Amino acid sequence: MTVVDTGPFSDAVLASEQRRSSNPSSMSPLPAPAGGTLRVEAMIGLEWSQAIEQWGGEDATAPAQARRSWMHRAPEQQVVALYRTIRAADPEAPAPWWLRALAAGTLETRAEGFAVEDRVAKLLSARPGWVYVPWNTDGDSGYWEYVPSERKLSEPGVPTTLMLTDRHPGWIDVYRVHAGPAPDPVAVHGLADLRANLAHLESLPPA
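Keep in mind that this is a model prediction, so the values were computed, not measured.

Trainee: Would you mind showing me how to read the packing of aromatic side chains here?
Mentor: When we look at a pair of aromatic rings, we describe it by the centre distance and by the angle of the planes. By the definition in use, this model includes 5 aromatic pairs. The interplanar angle of 40° and the centroid separation of 5.6 Å between the aromatic rings of Trp48 and Tyr83 together place this pair among those described as tilted. Residue Trp48 is located in helix α2 (residues 36–52), and its partner Tyr83 is located in helix α4 (residues 76–89); the two are separated by 35 residues in the primary sequence. Judged by relative accessible area, Trp48 falls into the buried class, the value being 3%. Here the aromatic rings of Tyr132 and Trp144 are separated by 5.2 Å at their centres, their planes lie at 50°, and the arrangement is tilted.

Trainee: Just to check I follow, could you spell out the pairing of strand β3 (residues 160–164) for this structure?
Mentor: Note on strand geometry: in a regular strand, side chains alternate between the two faces of the sheet. For β3, a buried count of 4 out of 5 residues is recorded, marking the element as mostly surrounded by other parts of the structure. Pairing geometry for strand β2 (residues 143–146) and β3, over 3 bridges, is antiparallel. Among the inter-strand pairings, Tyr146 is bridged to a residue of β3, identified as Thr160. Strand direction decides the pairing type here: β3 and strand β4 (residues 172–175), joined by 4 bridges, are antiparallel. Within β4, the position partnered with Leu164 by the bridge is Ile172.

Trainee: When you look at the side chain of Ser149 in this model, what are you seeing that I'm missing?
Mentor: Along the chain, the position of Ser149 falls in the loop between β2 and β3. Residue classification places Ser149 among the buried residues on the basis of a relative accessible area of 0%. Beyond its immediate stretch of four places on either side in the chain, Ser149 contacts Pro159, Thr160 and Val177.

Trainee: Is there a simple way to think about the sheet that holds strand β5 (residues 186–188) in this case?
Mentor: Whenever strands of a sheet pair, they do so through backbone hydrogen bonds, lying parallel or antiparallel. Spatially, the 5 strands line up as an open sheet ordered β1-β2-β3-β4-β5, and their pairing is antiparallel. Since the sheet does not close on itself, it has two edges, and those belong to β1 (130–133) and β5, each with one partner. Each neighbouring strand pair of the sheet contributes to a mean axis angle of 25°, computed without reference to strand direction. Helix-sheet contacts for helix α7 (residues 191–202) involve β1, β2, β3, β4 and β5, and the interaxial angle to β5 is about 145°.

Trainee: Mind showing me how you'd approach the pairing of β4 here?
Mentor: Of the strand pairs in this sheet, β4 and β5 are connected by 3 bridges, and their pairing is antiparallel. Looking across to β5, one finds that Asp173 is bridged to Ala187.

Trainee: What should I look at first to understand the pattern of salt bridges in this one?
Mentor: Counted according to the given criterion, the structure contains 5 salt bridges. With a shortest N-O distance of 2.9 Å, Arg127 and Glu202 are connected by a salt bridge. Residue Arg127 is located in the loop between α6 (110–125) and β1, and its partner Glu202 is located in helix α7; the two are separated by 75 residues in the primary sequence. Residue class for Arg127 comes out partly exposed when judged on its relative accessible area of 31%. By relative accessible area, Glu202 is classed as buried at 9%. Among the charged side chains, a network of salt bridges with common partners joins Arg67, Glu117 and Asp118.

Trainee: Looking at this model, I keep getting lost on α7. Mind explaining?
Mentor: Residues three or four positions apart in an α-helix share a direction because the helix packs 3.6 residues into each turn. Here α7 contains 12 residues, and its C-alpha end-to-end distance of 15 Å stays within 8% of the 16 Å for a straight helix at 1.5 Å per residue. Looking at the buried side of α7, the elements it contacts are α6, β1, β2, β3, β4 and β5.

Trainee: Mind showing me how you'd approach unusual backbone geometry here?
Mentor: Positive phi is not limited to glycine here, since Trp171 has a value of about 70°. With respect to the element layout, Trp171 can be found in the loop between β3 and β4.

Trainee: Looking at this structure, I do not really get the packing of helix α5 (residues 97–104) against α6. What am I missing?
Mentor: Each pair of packed helices can be described by the angle between their axes along with the distance between the axes. Two numbers describe how α5 lies on α6: the axes approach to 9 Å, and their chain directions differ by 145°. At the point where α5 passes α6, the crossing takes the right-handed sense. On the side of α5, the interface is formed by Trp97, Trp98 and Leu102, while α6 contributes Arg110, Gly113, Phe114, Val116 and Glu117. Here the contact of α5 with α6 is composed, by residue class, of 5 nonpolar, 1 polar and 2 charged.

Criteria and thresholds
Residues numbered from 1 in each chain as written. Predicted model: local features only at pLDDT ≥ 70, side-chain atom pairs only at ≥ 80, totals over all residues. Heavy atoms only, no water. Phe/Tyr/Trp six-rings, centres within 6.5 Å; stacked < 30°, edge-to-face > 60°. Helix = DSSP H or I, 4+ residues; strand = E, 2+ residues; numbered from the N terminus. Buried < 20%, exposed > 50% of the residue type's maximum accessible area, 1.4 Å probe, protein only. Pairing = 2+ DSSP bridges. Contact = heavy atoms within 4.5 Å. Axes fitted to C-alpha atoms, helices over the stretch in contact; angles between N-to-C directions. Salt bridge = Lys/Arg side-chain N within 4 Å of Asp/Glu carboxyl O. Expected span 1.5 Å × (residues − 1). Left-handed = near helix turned anticlockwise from the far one by under 90°. Nonpolar A, V, L, I, M, F, W, Y, C, P; charged D, E, K, R; others polar.

Below, the structure is given as structure tokens:
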């Protein structure tokens, strides 16, 4: 999307320009209209918020059921281009892990990211105790909680949680059950590593 904003010109500015045109020796560049860049960034930000807005899916039990926003359905190149535009204006703009990885060139296609999510879902859905949470805020892909881990706490806290990430090429991080600040994530090196070590991850003591 390209937005051209020339900004408002007051009568005084227009009169000044007319005087300058009649006296070439006084010609010098006019100052750029204030606020043009801010208005463009605001429009891009609004477009991005609409792009990641979730339409339904609050009761989803797997990631595939929650893929209802524009960023899931629009042409992939268009989604990546818009994300790169908003990220240039706001490096902290919300985006799912697979889109961040696509923009960074560490993931080849959106479909590959969806496949990672679906394989993890197939494994955890068949495992007692794991529950899918569709999302915290617009822009994320949801996460998985191992609910039985909360029994290890003597106070309210957060159960062992699995999240997809662009932090490393294994794409999977696990946060152990905790009642205080979030602990450092445990990097899982792909689905095979998750399958082989799932029982160990479920038994992690509180942080």
